[in-house]
Each structure stands twice: as C-alpha cells, then as structure tokens.
Amino acid sequence: MIDYKLHIPGPVNIAPETYQSMSTPVMGHRSQDFVALYQSCQPNLQKLFQTEDPVFLSTSSAWGAMEGSVRNLTNKKVLCCMCGAFSDKWLDVSRRCGKSAEGLQVEWGKNIDPDDLRKQLSSGEFDVVTLVHNETACGMMNPLQEIMQVLNEFPDVISVVDTVSSFSAVPIPKDEWGIDVILTGSQKALAMPPGLALLTVSERAFRRAEEVEGRGYYFDFLEFRKNHEKGMTPSTPVIPLIHALKHTLEKIFEEGVEARHTRHAELNQMVHAWVAEKGFELLPEKQFASKSLTCVKNNLEIDVAGFVNALREEKKLSIDGGYGKIKGKTFRISNMGDETAETIAHLLAQMDEVLARFV
Ligand SMILES: *Cc1c(COP(=O)(O)O)cnc(C)c1O
C-alpha cells in the first residue's frame, strides 16, 4: 500500500471519486449499454479536443497511439521534432516500425524553433511530423500555435501532436490550428489511472491512412473509424477506464474548461514563485515553461535524491528526482489534474521544511 501522495508528472494523484467510478460493473463491449457509454463520452471529448473529428479510445498507454500514428500515416519519411525524452524516443520508435525517419534535434529544455522546422520541411522529403507539445521530461512547452502555422504551409505533411501532459491543462484548439492528430493518455493531465489513450484524427489523415500499407490491426485508424461509427472500439476496451473517463469529463465541464486552464496556470505560478524564492532556476526559458509541471534546475547543487526521499518518507509527498540524463540535475513537480491552491500550498510548505536541511 502506498502511503504517500503523488506529485510526480505522471501518473498523478487520482481522486477517490474517480476510483469509485471504475467500480461500475463491466458490460459486453458489443452491447447497447456499452454503445451508450461510448457515445455519451463523444460530445464532451470533441468539445475538449476542440474538434469535429472523431475521438478514439485506445486500450494502451500513449505509446500505442504514438507508434500507431507513425504506422498509419507515413509513406515517405517522418520528421521527429526532438527536445526531450519522449520526443527523442519517437525517432527510435519510428525506425523500429520500419519507417524512414530523421530528427530535428534541440538541447533538452530548449523549444522547437518554427523557422528550423520550415527549413527542414522545405526539402519536400517528409510527409509526417511528430511533435511533443509538452516535454514532460524537461517541463518545456513548445510554441504549438507558431509551429502549426509553419506546418500549415505544407499541406502534404501530416501533423501528429502528443499532448499527454498538457491536454485539458491548456487550450489546444485542434481544428482552428489545423492539427491532424492529437493524442493523449489517461494517467497524466487527465488524472485517471493508466491504460487508456485518446486520439483524434482529421479527414486528411484518414485519407493518408487509406494509402499506407502495413498499418497493422490493433492501431489501424480505419478500424477505429469503422467501429466508432457503431459506438464501439475495434477490440475489447478497458471498460472501467471508460467509466472513469465519463466521470472525469463530467467533472471537467462542471468546473468549466476555462476555469480549469486558469487553475492550472495559477498553481503553476505558485510553484514558479517557490522556485524563485529558494534561488532555484527553471530548466526551460520562462517563456517556454510548461503550465502543468515544473522542471527545476538544481543550480543550488543539493542532493536531489536525498531531498526527494526525505519528502516522501517524512511528509508523504512524492515529487520526481529528474528524468533520464538529467536525473539529479533537475527535479520535477506536477500541478496536473485535480490539484488546488490548498494542496499545492501544502506541498510547497512541506518542501520548504525538508529543503532547509539540504541547502
Ligand atoms: C508519459 C508520456 C508519454 C508516454 O506515455 P505512456 O502512457 O507511458 O505510453 C508520452 N509522451 C509524453 C509527453 C509523456 O509525458
């Protein structure tokens, strides 16, 4: 039994009511009851994704939808925008899927520059671009609107945007910005247990998928669409998580989407203020700092692992001690999901107490 609260950037803390919503009995996935559940989620999903396109539910973690996007959409070559652990990995995954792929790489913590992207795409070699909106590993949020403006200059290039740690935390108007595919996962910004990925696919992207061979079965966009039209998924889905999704969507619209965005921005500012007050710095430039988590640079050279352990052992609060190659050189604090001014203030006060022994 874990006796501490998660403030790591995913999985995040899950509200008791969300767990309770999952204890609804399972039904047959070809039954009218399932169709009703599936279809009851669609209007809210389309509203939240700000799209007229269908929103599919994939029983997988986000990587399933990420890999699936590459397999469904690439005929020529993928350009993977690389600016952190998840976006870097997408190049490797694309190649493992047998696709020809190249990276547009920047240092961790730096943003993807729209002009660099334009230069790369001008070669005409690429027909898909992958982008991680919010690089969870470094707390950096890419300038998505500016990047989409460039992508819209290239109508033959399909855009695939990972919003795993930003979806529902900040506005991402899919149709207005012309994004082809947006995907996200359940266990981060949506604050549900892991195991469900959500993705929405544009008409243009479906037309591409029709021309691509080797889409496989489990993540085939055309299979998803065929089943979606009947209010179903291609294979047996993780039904308890779809109950949790229905509950989560209702809660999001009860709070109001704009209010949710404002809350995330305010909580994030509280963490930023703490960082500045303690003499720490952010890893990314302030302008590109994520609004759903904070990646703190360990410029004070504290024992990060010791700090994180003490906070968990003594205060029962779990933050993250840095991801991959920046472990120990950074630490991360999530303000995703259901956090409030009270819970973040509590976290920061407890961090204060523990930190005093480490500086
Ligand atoms: C966590 C994360 C992923 C991977 O998600 P899984 O659910 O583990 O597959 C991908 N992209 C980003 C930005 C993430 O934060």
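Quick look at the overall build of the protein
Phase 1: Helix and strand content of the protein: 13 helices and 14 strands.
Phase 2: Computed over C-alpha atoms, the radius of gyration of the protein comes to 20 Å, within 12% of the 21 Å expected from 2.2 N^0.38 for 359 residues, which places it in the range of a compact globule.
Phase 3: Projected onto its principal axes, the C-alpha coordinates of the protein cover approximately 60 × 50 × 35 Å.
Phase 4: In the protein, which comprises 359 residues, the share counted as buried stands at 59%.
Phase 5: Contacts in the protein between residues at least 24 apart in sequence constitute 71% of all its contacts with a sequence separation of at least 6.
Phase 6: Carbon together with sulfur atoms contributes 50% to the accessible area of the protein, which is approximately 14,400 Å² in total.
Phase 7: For the protein, the distance from the average position of its 38 positive side-chain charges to the average position of its 48 negative side-chain charges is 4 Å.

Quick word on the pattern of salt bridges
Phase 1: Counted by the stated rule, this structure contains 25 salt bridges.
Phase 2: The closest approach of N and O atoms between glutamate 17 and lysine 251, which form a salt bridge, is 3.7 Å. With glutamate 17 in helix H1 (residues 16-21) and lysine 251 in helix H10 (residues 239-255), this pair connects stretches of sequence that are 234 residues apart.
Phase 3: Judged by its relative accessible area of 36%, glutamate 17 falls in the partly exposed class.
Phase 4: Its salt-bridge partner being aspartate 352, residue lysine 278 comes within 2.7 Å of it at the nearest N-O pair. Of this pair, lysine 278 sits in helix H11 (residues 257-278) while aspartate 352 is found in helix H13 (residues 341-355), placing the two residues 74 residues apart along the sequence.
Phase 5: Each of the salt bridges in this network shares a partner with another, and the network as a whole consists of Lys77, Glu102 and Glu125.

Comments concerning the side chain of threonine 233
Phase 1: With respect to the element layout, threonine 233 can be found in the loop between helix H9 (221-228) and H10.
Phase 2: For threonine 233, a relative accessible area of 2% gives the class buried.
Phase 3: Within the structure, the side chain of threonine 233 is placed 2.8 Å from the backbone oxygen of serine 235, a separation counted as a polar contact.
Phase 4: Other than its neighbours up to four places away in sequence, threonine 233 contacts Arg30, Phe34, Tyr38, Leu57 and Asn227.

Digging into the domain arrangement of the protein
Phase 1: Once the domains are mapped, the protein shows domain 1 (5-12 + 256-355) and domain 2 (16-253).
Phase 2: For domain 1 and domain 2, the distance between their C-alpha centroids amounts to 26 Å.
Phase 3: Of the roughly 2,300 Å² buried at the junction of domain 1 and domain 2 (both faces included), carbon and sulfur atoms supply 62%.
Phase 4: When residues of domain 1 are sorted by the area they lose upon contact with domain 2, Arg260, His261 and Phe288 head the list and together hold 25% of the total.
Phase 5: Applying the counting rule to domain 1 against domain 2 returns 11 residue pairs in polar contact (both at pLDDT 80 or more).
Phase 6: Where the side of domain 1 that touches domain 2 is concerned, the elements lending two or more residues are H11 and strand S12 (293-297).
Phase 7: Per-element accounting of the side of domain 1 that touches domain 2 gives the leading share, 4 residues, to H11.
Phase 8: Grouping the amino acids of the side of domain 1 that touches domain 2 by side-chain chemistry returns 13 nonpolar, 7 polar and 6 charged.

Section: the packing of H10 against H11
When two helices pack together, you describe them by how their axes are tilted relative to each other and by the distance separating the axes.
Phase 1: Close contact between H10 and H11 brings their axes to 5 Å; oriented N to C, the two are set at 85°. Taken as axis vectors, H10 and H11 run roughly perpendicular relative to one another. Taking contact as the criterion, the partners of Ile252, Phe253 and Glu255 in H10 are, on H11, Val257, Ala259, Arg260 and Arg263.

Details of the pairing of S12
Phase 1: Burial runs high along S12: 4 of the 5 residues are buried.
Phase 2: Strand direction decides the pairing type here: S12 and strand S14 (residues 330-334), joined by 5 bridges, are antiparallel. Bridge pairing in S14 places valine 296 opposite phenylalanine 331.

As for the sheet that holds strand S5 (residues 128-132)
Phase 1: Taken in spatial order, the 7 strands line up as S2-S10-S9-S8-S5-S3-S4 in an open sheet, and their pairing is mixed. Each edge of the open sheet carries a strand with a single partner, namely strand S2 (55-58) and strand S4 (101-105). Direction aside, the axes of adjacent strands within the sheet are offset by 20° on average.
Phase 2: Pairing between strand S9 (residues 181-185) and strand S10 (residues 197-201): 5 bridges, direction antiparallel. In the sheet register, valine 181 faces S10, and the bridge partner there is valine 201.
Phase 3: Relative to the sheet, helix H4 (residues 85-96) contacts strand S3 (78-82), S4, S5, strand S8 (158-162) and S9, its axis offset from that of S3 by approximately 155°.

Parameters and conventions
Residues numbered from 1 in each chain as written. Predicted model: local features only at pLDDT ≥ 70, side-chain atom pairs only at ≥ 80, totals over all residues. Heavy atoms only, no water. Helix = DSSP H or I, 4+ residues; strand = E, 2+ residues; numbered from the N terminus. Rg over C-alpha atoms; globule rule 2.2 N^0.38 Å. Buried < 20%, exposed > 50% of the residue type's maximum accessible area, 1.4 Å probe, protein only. Contact = heavy atoms within 4.5 Å. Areas by Shrake-Rupley, 256 points an atom, 1.4 Å probe, with all protein chains shown as cover. Lys, Arg positive; Asp, Glu negative; His and termini not counted. Charge placed at Lys NZ, Arg CZ, Asp CG, Glu CD. Salt bridge = Lys/Arg side-chain N within 4 Å of Asp/Glu carboxyl O. Polar contact = N/O pair within 3.5 Å; in protein donor to acceptor, adjacent residues only side chain to side chain. Domains from an automatic or database assignment. Buried area = accessible area lost by both parts, 1.4 Å probe. Nonpolar A, V, L, I, M, F, W, Y, C, P; charged D, E, K, R; others polar. Axes fitted to C-alpha atoms, helices over the stretch in contact; angles between N-to-C directions. Parallel < 35°, antiparallel > 145°, perpendicular 65-115°, else oblique. Pairing = 2+ DSSP bridges.

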